[in-house]
Amino acid sequence: MNHEARVGASGAVAASLLVAFLIPLAAFAQDNGPADFNTLRTPSSPAFVLLGVEPSSVEKPNTPSDFAASILSATSNLSALPKDYALETSPYWLFSHRRKSWRDDINRNVLESVTRTFTLSVATAELGTSDAPVRGLAVSGRLSLFSGRLQDSSVKQIESLENVLAASAATDLGVLAPVFDSILATLLGSATTMADSLAALAKFDSLKTEAITSLASSGAIETDTEELTQQAEAIVMAREGFQVDLAGGTAWRAPSAALDSTDFDRFGLWLTASYTANDLSFIALARYLGIDGTDQDVLDFGGRFIYAQDRFALSAEYVDRHINNGPGDQWRLAGVFDYRVSRAIWLTGTFGRNYDDDARGSLLAQLGLSLNLSKKRYAFEPTEP
Amino acid sequence: MIVKEINGVPHVIDSAFYAVRRNSRVTLTVEVGDFQAGGTAYEWKGKTVTGDPNFTDHPVNPAKTKIAGTIMHCESKVLDIRADTNRTSVTYTLKGGVEDQEFPYGVQVPSEHGLAVYQVTFIFVEQAT
């Protein structure tokens, strides 16, 4: 069943669809057969995919010092490999960018795209047994060479939110300013020297804080942030246009769980290119996987075209698997038609050819109904690996 | 400067002198940084002005109007709209006085989509030549 194809009436939805990463993390590890389209996309954290783990908690440091502290603490000052550790960090976002407005991110050039999207992931996991422990370590990087542009609908949402924030600030000031003026008049009225004035100013900040706290407690100024937070949550920072995501990672095995005992295990490269405009979107992807001890490196590639309207969506996808020194290519070609019967019910038809043409059932001809009980109108679920 | 969480919302509270000539034409620029969303209003001589949603080289006092000895209260509200960071920052820039001056502030909101409030008061003091 193709949950993507049914998504949507608009370019916004189609773009969300393209940037969503719905890859089951174990998909890469389960590399016994041809993969579904979604599992081939550039993953958000390739290191986790390489190890085939889904960390219960991922450390995401906010500052360079947090980053260093996390690494040093987890590795006992770089002397050992932690058992279950996952870290994800974007160097660009470790630093403040005071001069950058959200409007500076509507469009990105290649350099801006690379710096703002580069993410480093590190993961370790126990891959052996209690008798023969083997510590797995994976390191990966991910970036977008092209990021498209922020959708107009997202821009309008943020502009609307900012106007609400400005109006809310004005309402606060209507109450606070007379109080502040009164406090300042008293404090500065008795100041005769510059030193007095500076002391008065320091005291003013304390009294101002007390006044805000008091007025907030009494309800005289608005402090209920729930509505604003909901508005912020409702903003979809969706991007459209030409986007190219690139990722690569390597995994090692360490039989003695020590850093100096690691051996190469596998590596992977992902490339996903997509274009979204209005009701149309196209996505092309490739994944290359090399595993130590085999001479059968695997290259998967494919493409998907989606045309989405309010009540229906049409899509077609092609996926091909090529194995070096292996059997011939395996491929899948399918067309999917989704029709919205009611708000929560979709009729889906899939037609085409499945992977192995020697196997029974290689001809795809499925028709089914599906329920979308999600709170959100266009919610889609991970595709099964 | 004081940073205090009030009802779960971090407030950055500060005040500063800004040196002006008697009839300086002071302009205000407010920049909300770190790619976040924010809006600003200020109050000067009993009049509240709402930003659109912020200010760029906005004249505080009308031409040939005395600004020395007056006070301007600014409030900026910033919402975290970026999944990449919880940092927020606001830079107030005053021009037209004795010299142009920037007043940068920043605070991290405790959770995703959190709100931060910046409350900054500027006192325009006259500096003779």
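Keep in mind that this is a model prediction, so the values were computed, not measured.

1. Brief notes about the overall build of chain B
Here comes step 1: Along its length, chain B carries zero helices and ten strands.
Here comes step 2: Helices and strands in chain B line up, N terminus first, as β-β-β-β-β-β-β-β-β-β.
Here comes step 3: Over its C-alpha trace chain B gives a radius of gyration of 15 Å, about what one expects of a compact globule, namely 14 Å for 129 residues.
Here comes step 4: In chain B, the proportion of contacts linking residues at least 24 apart, taken out of those at least 6 apart, comes to 72%.
Here comes step 5: Within chain B, one finds 12 positive and 15 negative side-chain charges whose respective centroids are separated by 11 Å.

2. Structural notes on the pattern of salt bridges
Here comes step 1: Counted under the stated rule, the structure contains 22 salt bridges over all chains.
Here comes step 2: We note a salt bridge from arginine 332 of chain A to glutamate 317 of chain A, for which the minimum N-O separation is 2.9 Å. Here glutamate 317 of chain A lies in strand β8 (residues 312-323) and arginine 332 of chain A lies in strand β9 (residues 330-342), a separation of 15 residues in the sequence. Residue arginine 332 of chain A shares its accessibility class with glutamate 317 of chain A, and that shared class is buried.
Here comes step 3: Connected through shared salt-bridge partners, Asp105, Arg108, Glu112, Arg116 and Arg239 of chain A together with Arg82 and Asp84 of chain B make up one network.

3. Side note on the packing of aromatic side chains
Here comes step 1: The final tally for this structure, using the stated rule, is 15 aromatic pairs over all chains.
Here comes step 2: Centroid distance phenylalanine 267 of chain A to tyrosine 288 of chain A: 5.9 Å. Interplanar angle 40 degrees. Geometry classified as tilted. Pair noted here: phenylalanine 267 of chain A is in strand β5 (residues 263-277) and tyrosine 288 of chain A is in strand β6 (residues 280-291), with a separation of 21 residues, a long-range link.
Here comes step 3: Given the relative accessible area of 24%, tyrosine 288 of chain A is considered partly exposed.
Here comes step 4: By way of ring pairs, the aromatic residues Tyr92, Phe103, Tyr105 and Phe122 of chain B are connected into one cluster.
Here comes step 5: The ring of phenylalanine 180 of chain A has lysine 208 of chain A lying over it, and the distance from NZ or CZ to the ring centre is 5.3 Å.
Here comes step 6: The ring of tryptophan 331 of chain A carries the charged tip of arginine 353 of chain A above its face, separated from the ring centre by 3.7 Å.

4. Focus: the sheet that holds strand β2 (residues 9-20) of chain B
Here comes step 1: Strand order in the open sheet made by the six strands is β1-β2-β10-β7-β4-β5 (chain B), with mixed pairing throughout. Among the strands making up the open sheet, the edge pair consists of β1 (2-6) and β5 (47-50) of chain B. Going across the sheet, the axis of each strand differs from the next one's by a mean of 20 degrees, ignoring polarity.
Here comes step 2: Judged from the eight bridges that link them, strand β4 (residues 37-44) of chain B and strand β7 (residues 71-79) of chain B form a sheet pairing that is antiparallel. Bridge assignment links glycine 39 of chain B to a residue of β7 of chain B, and that residue is lysine 77 of chain B.
Here comes step 3: Contacts from helix α5 (residues 152-189) of chain A reach β4, β5, β7 and β10 (115-126) of chain B, with the element oriented near 35 degrees to β4 of chain B.

5. Examining α5 of chain A
Here comes step 1: With 38 residues, α5 of chain A should reach 56 Å at 1.5 Å per residue; the first-to-last C-alpha distance of 52 Å fits that figure.
Here comes step 2: Maximal helix bending in α5 of chain A amounts to about 40 degrees, located at glycine 174 of chain A; proline proline 178 of chain A follows within four positions.

6. Section: the interface of chain A and chain B
Here comes step 1: Counting residues at the interface gives 56 residues for chain A, matched by 55 residues for chain B.
Here comes step 2: Both sides together, the interface formed by chain A and chain B hides about 4,500 Å², and carbon and sulfur atoms give 62% of it.
Here comes step 3: Together, Trp93, Arg98 and Arg99 of chain A form the three largest contributors to the area buried by chain A at its contact with chain B, with a combined 17%.
Here comes step 4: Our enumeration of links across chain A and chain B arrives at four salt bridges.
Here comes step 5: In this structure, aspartate 172 of chain A and lysine 77 of chain B form a salt bridge, with 2.9 Å as the shortest nitrogen-oxygen distance.
Here comes step 6: On inspection of chain A and its partner chain B, the count reaches 19 residue pairs in polar contact (both at pLDDT 80 or more).
Here comes step 7: Element by element, the count of residues in the side of chain A that touches chain B is highest for α5 of chain A, at 18 residues.

7. Side note on the packing of α5 of chain A against helix α7 (residues 226-234) of chain A
Between two packed helices, both the angle of their axes relative to each other and the distance between the axes serve to describe the pair.
Residue and element names in this part refer to chain A.
Here comes step 1: Relative to each other, α5 and α7 sit at 165 degrees, their axes nearing to 10 Å. Taken together, α5 and α7 sit at an angle that is classed as roughly antiparallel. Crossing angle aside, the handedness with which α5 passes α7 is left-handed. Here Gln157, Leu161, Val164 and Leu165 of α5 lie close against α7, whose contacting residues are Leu228, Gln231, Ala232 and Ala234.
Here comes step 2: Among the residues forming the contact of α5 with α7, the class breakdown is six nonpolar, two polar and no charged.

8. Here we look at the pairing of strand β8 (residues 87-95) of chain B
For a regular strand, the rule is simple: side chains alternate between the two faces of the sheet.
Residues and elements named next belong to chain B.
Here comes step 1: Counting buried positions along β8 gives eight out of nine residues, so the element sits mostly inside the fold.
Here comes step 2: One ladder, built from seven bridges, connects strand β3 (residues 27-33) with β8; its direction is antiparallel. Bridged to valine 30 within β8 is tyrosine 92.
Here comes step 3: Strand direction decides the pairing type here: β8 and strand β9 (residues 101-108), joined by eight bridges, are antiparallel. Looking at the pairing, threonine 88 lines up with valine 107 of β9.
Here comes step 4: Between β8 and β9, which follow one another and run antiparallel, lie five residues, and glycine 96 among them has a positive phi close to 100 degrees.

Basis of the calculations
- Residues numbered from 1 in each chain as written.
- Chains lettered and ligands numbered in written order.
- Predicted model: local features only at pLDDT ≥ 70, side-chain atom pairs only at ≥ 80, totals over all residues.
- Heavy atoms only, no water.
- Helix = DSSP H or I, 4+ residues; strand = E, 2+ residues; numbered from the N terminus.
- Rg over C-alpha atoms; globule rule 2.2 N^0.38 Å.
- Contact = heavy atoms within 4.5 Å.
- Lys, Arg positive; Asp, Glu negative; His and termini not counted.
- Charge placed at Lys NZ, Arg CZ, Asp CG, Glu CD.
- Salt bridge = Lys/Arg side-chain N within 4 Å of Asp/Glu carboxyl O.
- Buried < 20%, exposed > 50% of the residue type's maximum accessible area, 1.4 Å probe, protein only.
- Phe/Tyr/Trp six-rings, centres within 6.5 Å; stacked < 30°, edge-to-face > 60°.
- Lys NZ or Arg CZ within 6 Å of the ring centre and 35° of its normal.
- Pairing = 2+ DSSP bridges.
- Axes fitted to C-alpha atoms, helices over the stretch in contact; angles between N-to-C directions.
- Expected span 1.5 Å × (residues − 1).
- Bend = angle between axes of the 7 residues up to and from the residue.
- Buried area = accessible area lost by both parts, 1.4 Å probe.
- Polar contact = N/O pair within 3.5 Å; in protein donor to acceptor, adjacent residues only side chain to side chain.
- Parallel < 35°, antiparallel > 145°, perpendicular 65-115°, else oblique.
- Left-handed = near helix turned anticlockwise from the far one by under 90°.
- Nonpolar A, V, L, I, M, F, W, Y, C, P; charged D, E, K, R; others polar.

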